[in-house]
Amino acid sequence: MTISYDVAGDGPAVVLLHSSVCDRRMWDGQWQALVGAGYRVVRLDFRGFGESPMADAPYSDAGDVLDLLDRLGVERAALVGASYGGKVALEVAATRPEAVTALALLGAGMPGHEHSAELRAFGGKEDELLEAGDVAGAVELNVDAWLGPEAGEEARALVREMQRNAFEVQLAATEFFRSSPEVDLGKVTARCLAVAGAHDFADFREIAAVLPERIAGPARHVELAWAGHLPNLERPAEVTDLLLGFLGGE
């Protein structure tokens, strides 16, 4: 297996899945608290992020997560996913429902969602900057877009570092092999907490609102009035408490 990951602690398994502007370091603010609360915590870098190289053959991130769980001997786990990591968590939960006990989704993407004009415009601007060789400009575009008003300079600096690393790794690749499995969200039976930020793109607020109607498991929708797209980086302690409460059955 070529993906990089960390695992620590004992107890029920919790897997942390990062946003596509970040890598596994985005969970630094939650890592020790989850381990200390009695969980076996796993976090990984998707291919082309953090310390994981790009793939040289077809793959899916959901498949990588399932392969890692098998390698670690984890039969059942709660998944915590941010943004793209939330979309991957839903794909895993639909592919192997019996393996997922709970889903905590922060500003999650959703399989089959069509991007709004606003989100497409953002992607177009990012592409323009990268095609012009302005990686620094593309990095700042992402930092400004994805962090809400509560984010401090430490969070902004970390996102800046993670996004730049991802661009450098991915732009150096000559081929891109990622695919997403076809999934039926009606097969997701895990209980779910769908969190949105009031300062996020409308796409992610809408996804969080409709997810409880799309999945089979019991689901709750929460919108954080203060948050942007990455609330666990904006108010780490508050989101840690929210996650611990949900994982503990609240």
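Residues numbered from 1 in each chain as written. Predicted model: local features only at pLDDT ≥ 70, side-chain atom pairs only at ≥ 80, totals over all residues. Heavy atoms only, no water.

(A) Seen up close, the side chain of aspartate 61. Looking at the secondary structure, you find aspartate 61 in helix α2 (residues 61-72). Polar contacts involving the side chain of aspartate 61 include one to the side chain of tyrosine 84, which spans 2.5 Å. Residue contacts for aspartate 61: discarding those within four places in its chain leaves Phe46, Arg47, Tyr84, Val88, Arg178 and Ser179. (Helix = DSSP H or I, 4+ residues; strand = E, 2+ residues; numbered from the N terminus. Polar contact = N/O pair within 3.5 Å; in protein donor to acceptor, adjacent residues only side chain to side chain. Contact = heavy atoms within 4.5 Å.)

(B) Quick peek at the UniProt feature "domain: AB hydrolase-1" (unreviewed entry) in the chain. Using the residue numbers shown here, the UniProt feature "domain: AB hydrolase-1" (unreviewed entry) corresponds to residues 14-241. The straight-line gap between the two end C-alpha atoms of residues 14-241 is 15 Å; of that span, 45% is helix and 15% is strand. (UniProt positions renumbered as here; feature names shortened; annotations may be inferred.)

(C) Seen up close, the nonpolar core. In this structure, Leu103, Leu211, Leu230 and Leu233 are the most contacted members of the largest nonpolar core, which totals 86 residues. Of the residues forming this core, the biggest block, 7 residues, is contributed by helix α3 (residues 84-95). Apart from residues lying up to four places away in sequence, leucine 233 is in contact with Cys22, Met26, Leu147, Ala155, Leu158 and Val159. (Core = buried A, V, L, I, M, F, W, Y, C linked by side-chain atoms within 4.5 Å. Buried < 20%, exposed > 50% of the residue type's maximum accessible area, 1.4 Å probe, protein only.)

(D) Examining the packing of aromatic side chains more closely. In total, this model carries 5 aromatic pairs according to the counting rule given. Between phenylalanine 46 and tyrosine 84 the ring centres are 5.6 Å apart and the planes differ by 80°, which places this aromatic pair in the edge-to-face class. In this pair, phenylalanine 46 is assigned in the loop between β3 (40-44) and α2 and tyrosine 84 in helix α3, connecting sequence segments 38 residues apart. Each member of the pair, phenylalanine 46 as well as tyrosine 84, carries the same accessibility label: buried. Ring pairs connect the aromatic residues Phe122, Trp146, Phe201 and Phe204, which therefore count as one cluster. Above the plane of the ring of tyrosine 59 lies arginine 47, whose end atom (NZ or CZ) is 4.6 Å from the centre. We note arginine 191 situated over the ring of phenylalanine 246; from NZ or CZ to the ring centre the distance is 4.3 Å. (Phe/Tyr/Trp six-rings, centres within 6.5 Å; stacked < 30°, edge-to-face > 60°. Lys NZ or Arg CZ within 6 Å of the ring centre and 35° of its normal.)

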